[in-house]
Amino acid sequence: MDQLLLARAIVLGLSALGAGVGMIAGLGPGIGQGYAAGKGAEAVGRQPEAAGQITQTMLLGQAVAETTGIYSLVIALLLLFANPLLRFLS
Amino acid sequence: MDLEFSVKTMFYLGKIPVTETVVSTWLIMAVLVIGSFLVTRRFKTAKPGETLGTTEHVVELLVDGLYSFIGDVMGPKGEAFIPYMATLLLFLVCANLIGLLGFRPPTADLNTTLGFATMSFILIQGNGIRSQGLFKFIKGLFEPFVFLFPLNVIGEIATPFSMAFRLFGNILGGMIIMALLYGFAPIAIPVLPHIYFDLFSGIIQAFIFTMLTMVFVAMAIDEDEEEEN
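What counts, and at which threshold
Residues numbered from 1 in each chain as written. Chains lettered and ligands numbered in written order. Predicted model: local features only at pLDDT ≥ 70, side-chain atom pairs only at ≥ 80, totals over all residues. Heavy atoms only, no water. Helix = DSSP H or I, 4+ residues; strand = E, 2+ residues; numbered from the N terminus. Rg over C-alpha atoms; globule rule 2.2 N^0.38 Å. Buried < 20%, exposed > 50% of the residue type's maximum accessible area, 1.4 Å probe, protein only. Contact = heavy atoms within 4.5 Å. Areas by Shrake-Rupley, 256 points an atom, 1.4 Å probe, with all protein chains shown as cover. Core = buried A, V, L, I, M, F, W, Y, C linked by side-chain atoms within 4.5 Å. Patch = residues over 30% accessible without salt bridge, like charges linked within 9 Å, V, L, I, M, F, W, Y side chains within 5 Å. Salt bridge = Lys/Arg side-chain N within 4 Å of Asp/Glu carboxyl O. Buried area = accessible area lost by both parts, 1.4 Å probe. Nonpolar A, V, L, I, M, F, W, Y, C, P; charged D, E, K, R; others polar.

**Student:** Can you tell me about the overall build of chain A, naming the residues and giving the values?
**Tutor:** Looking only at helices and strands, chain A has four helices and zero strands in total. In chain A, the succession of α and β elements from N to C terminus is α-α-α-α. A globule of 90 residues ought to have a C-alpha radius of gyration of about 12 Å, yet chain A, at 20 Å, is considerably larger. The principal-axis extent of the C-alpha atoms belonging to chain A is close to 70 × 15 × 10 Å. Expressed as a percentage of its 90 residues, the buried residues of chain A come to 23%. Of the contacts formed within chain A by residues at least 6 apart in sequence, a portion of 76% connects residues at least 24 apart. Taken as a whole, chain A presents about 5,900 Å² of accessible surface, with 71% of it coming from carbon and sulfur.

**Student:** Describe the nonpolar core, and please don't skip the residues or the numbers.
**Tutor:** Residues I70, M74, M85, L92, I208 and F209 of chain B are the most contacted members of the largest nonpolar core, which totals 44 residues. Elements supplying a minimum of two residues to this core: α3 (51-65) and α4 (67-81) of chain A together with α2 (54-74), α3 (82-97), α4 (110-132), α6 (149-184) and α7 (191-221) of chain B. With 13 residues, α7 of chain B is the largest single contributor of residues to this core.

**Student:** Just give me the short version of a nonpolar patch on the surface, but keep the residues and values in it.
**Tutor:** Residues and elements named next belong to chain A. A surface patch of nonpolar side chains, amounting to about 730 Å² of accessible area, comprises L6, I10, L14, L17, V21, I24 and L27. Residue contributions to the nonpolar patch peak at five residues, all from helix α1 (residues 2-22). Here I10 shows up in helix α1.

**Student:** Describe the interface of chain A and chain B, and please don't skip the residues or the numbers.
**Tutor:** Taken together, the 13 residues of chain A in the interface contact 20 residues of chain B. Looking at the side of chain A facing chain B, the largest losses of area belong to Q56, L60 and F81 of chain A, adding up to 36% of the total buried there. Remark: the boundary between chain A and chain B carries zero salt bridges. Among the secondary structure elements, those contributing two or more residues to the side of chain A that touches chain B are α3 and α4 of chain A. Among the elements that make up the side of chain A that touches chain B, the one with the highest residue count is α4 of chain A (seven residues). Grouping the constituent residues of the side of chain A that touches chain B by class yields 10 nonpolar, two polar and one charged.

Right under this line is the structure:
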């Protein structure tokens, strides 16, 4: 019984660690979105009359770039709140 | 502090569990349907020469704006899709903002977003087949090389999943961060994050979901352009 508790503690602790490490993936979308926003600002500076169109395209591109970050967020949430690994203990 | 973010069952209808998501979805549906009925009622009964009220003018402005925005994105071929896309946008905006009233947003449940993404998927593929013909559609999957067929199929199937997870992850992530914030600073401080996580993020994500559906459908019905995603 004590061993099962220990195993559970190890799984939970490593899951929390995994969730934290997994969220490093937030770096990528941050860099990508910042780059897109910078390019968008440049484009508006060059062509202020097309600001609406540029903003729309920029937001769309940023949303697509965000996908990988959201995937890692979903995995982190799974590990924290609906841990699939605990199933293997019982 | 309650740190349980799974969907709670509110009551049972016979043997069918009714969750928070179902309740708030039906609430939004009722508000949208009854509201639309009420604000458009006078358009039919008004006599020529009779001046319409402020509500009617606001409705006209909103509908006109939606028509021109969606028409711009989808082009002249996409005019038949305007009612569906406008409804999708209205529903998603309401669904993301209902968290401000204390309900659980329906979009913080994977079932809702996967349902919407499935509808978008059927719309995209169905219109691709309708506009290109079945043979050309299947041939399009084998381009540019024959051995890229599995990759093309996976790419097509991944589209609805990434759309669903994007919306779900954003809304649920915002919800969890707000719940954590309420845990250690319940007074005054959560006001500003609410503006970002609920208002800004919610409206942007509803816009993005509709926009992606529109772009993919427009790409599917536009025969001149190569399909790519």
